[in-house]
Amino acid sequence: MWLISAWLVLSSVCLHIATADNENCELENVTCECEGKNITYYNTWPLADNIPSEVVSLTITGCNKTKLRESKTEFGYLKDLLVLNLTANNIQKFASPGSLHHRDLPSLQELILDTNNLTTFVDAYQVFNGLKELQVLSLRNAFQDSRHIISNLTKAFTHSSFESLQELRLDDNDFGVIGRDLFLFDGGKRSVVERISLRNCSLTYIQKGTFKTELMPELNYIDLSMNRIEEITDEQGFLSALDSFGNQLSINLTGNPFNCNCDLELFRTWLNDTKVHIVDKHSLICLKADNVNLTGMSIASLTDELDCTAHLSIYIPGQMSLPYTILIIIFSMIGVLFLIVMYMRRQEIHTWFFTTGTAIKEVFCSSRTGYSDIGRVQRSEVPTVEPEVPPTEV
């Protein structure tokens with residue numbers, strides 16, 4: 001009997017979701033399950049009053065919604081909503097910091113804003129702040145002018161606590177370069193983010209300090225695939241920063257147009273020595289090379305093909321390779337031997353310094369004496385002139 005009652009209750013909930021919607025919802029796509037309630041709107045933005053308050057996953061797509069007003073006006077109060085998907089709605093700006101207010105979306109865990117045309121966060125740089133339960137933020141292909149909005153996005157992240165954020169998706173945005181402060185969430189406090197995806201963002205290099213283990217201790221995956229990175233050196237400290245995460249971190253660098261010249265020798269060494277997991281390491285190939293024979297070869301498999309005899313690298317990977325170790329030992333031994341010889345010959349060295357100092361002193365003193373004698377001789381050679389006495393008149 002209780003099974004029949006439970007079925008009737010569940011059926012009434014599903015019926016409420018289906019009948020409370022308007023004509024813009026495709027009812028055949030609405031699902032009602034014990035684990036949650038999902039609803040999708042196509043082409044026309046629904047009225048807040050027509051969105052069922054019990055919804056757990058809400059998708060609105062295919063609309064021309066250039067400005068997102070306050071969440072109370074757009075969605076109403078959705079206390080159980082876990083997933084909000086606003087993909088492909090031509091959203092250009094948030095009208096205010098309250099466009100995604102935690103008061104109206106207190107349980108929100110996943111926010112998807114993919115394929116929109118966001119132009120600025122100037123009026124709403126705190127739009128993500130307060131979403132304390134948010135675990136996934138997706139901004140794939142979300143910006144109209146990615147290169148100019150990056151500073152606004154950095155400000156928005158800096159003013160967002162992201163207390164529960166685990167995954168950040170920024171794929172398919174034409175950033176070119178990202179600042180090292182982009183991931184300083186909540187002004188640089190420690191975060192629990194685990195995955196950051198920057199796939200196909202036209203990145204040419206990564207600045208020092210972009211990924212810091214002290215600020216993102218849980219980070220275990222970075223996707224930098226399909227970018228425009230031609231070489232990776234440690235001048236910006238990028239490789240050293242990755243090493244600090246150890247074997248908890250995986251990084252995807254596939255699809256980058258690596259140029260195999262001497263500047264890549266450091267990266268090749270790092271690939272083979274680091275404890276960081278490199279996704280599909282042997283698929284990282286030389287797209288360009290000073291030596292045309294290297295084109296298409298796996299970077300990790302290169303040995304002496306890179307002619308780097310005229311270059312000296314200062315990077316020391318987490319696990320030092322044999323040549324670095326040998327050089328350090330040799331210079332250390334030379335230094336120790338020099339100190340031992342200096343100590344054993346200390347008396348002779350002291351005597352030499354004393355003798356040299358005395359000789360210099362004597363030369364200096366004799367020079368001064370010579371100048372004094374010359375002065376006396378010159379004064380003695382000057383004739384004495386007797387003064388003329390005028391004649392006395394008789």
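It should be emphasised that the depicted structure is a prediction, and the values quoted were computed from it without experimental measurement.

Definitions and limits used
Residues numbered from 1 in each chain as written. Predicted model: local features only at pLDDT ≥ 70, side-chain atom pairs only at ≥ 80, totals over all residues. Heavy atoms only, no water. Phe/Tyr/Trp six-rings, centres within 6.5 Å; stacked < 30°, edge-to-face > 60°. Buried < 20%, exposed > 50% of the residue type's maximum accessible area, 1.4 Å probe, protein only. Lys NZ or Arg CZ within 6 Å of the ring centre and 35° of its normal. Core = buried A, V, L, I, M, F, W, Y, C linked by side-chain atoms within 4.5 Å. Helix = DSSP H or I, 4+ residues; strand = E, 2+ residues; numbered from the N terminus. Contact = heavy atoms within 4.5 Å. Disulfide = S-S within 2.5 Å. pLDDT = per-residue confidence, 0-100.

S.K.: Would you mind showing me how to read the packing of aromatic side chains here?
M.R.: Given two aromatic rings, one states the distance between the centres and the angle between the planes to describe the pair. For the coordinates displayed, the defined rule picks out 12 aromatic pairs. Ring plane angle 25° and centroid distance 5.3 Å describe the contact between F258 and F267, whose orientation is recorded as stacked. Assessed through its relative accessible area of 1%, F258 is described here as buried. With 5.0 Å between their ring centres and 80° between their planes, W352 and F353 make a pair best called edge-to-face. A single burial state applies to W352 and to F353, both of which are exposed. Taken together, the ring pairs connect F94, F128, F157, F162, F183, F185 and F211 into an aromatic cluster. The ring of W45 has K65 lying over it, and the distance from NZ or CZ to the ring centre is 5.2 Å.

S.K.: I'm lost on the nonpolar core in this one. Help?
M.R.: Generally speaking, nonpolar side chains in soluble globular proteins are found buried as a group. Core analysis: the largest hydrophobic core is formed by 81 residues, its most contacted members being L58, F157, F183, L198, F211 and F267. Listed by contribution, the elements that provide at least two residues to this core are β2 (36-42), β3 (57-61), α3 (146-158), α4 (238-243) and α5 (265-273). Excluding anything up to four places from it in sequence, F157 contacts F128, L137, L139, F162, L168, L170, L182, L184, F185 and D186.

S.K.: How should the state of the cysteines be read in this particular structure?
M.R.: By definition, a disulfide links the sulfur atoms of two cysteines through a covalent bond. Tallied over the entire structure, the rule returns 1 disulfide. Put simply, C260 and C286 are joined by a disulfide, and their sulfur atoms are 1.8 Å apart. As the torsion about the S-S bond is roughly -85°, the C260-C286 disulfide counts as left-handed. With C260 in strand β13 (residues 259-260) and C286 in the loop between β14 (277-278) and β15 (288-289), this residue pair connects regions lying 26 residues apart in the sequence. Considered together, C260 and C286 belong to a single accessibility category, that of buried residues.

S.K.: Would you mind going over the confidence of the model for the chain with me for this structure?
M.R.: Detailed reading of the predicted coordinates is not advisable wherever pLDDT falls low. Mean pLDDT over the chain stands at 81; residues scoring 70 or higher make up 77%. In this model residues 1-35 is a low-confidence stretch, pLDDT under 50, and it forms 34 contacts with partners more than four residues away in sequence or in other chains.

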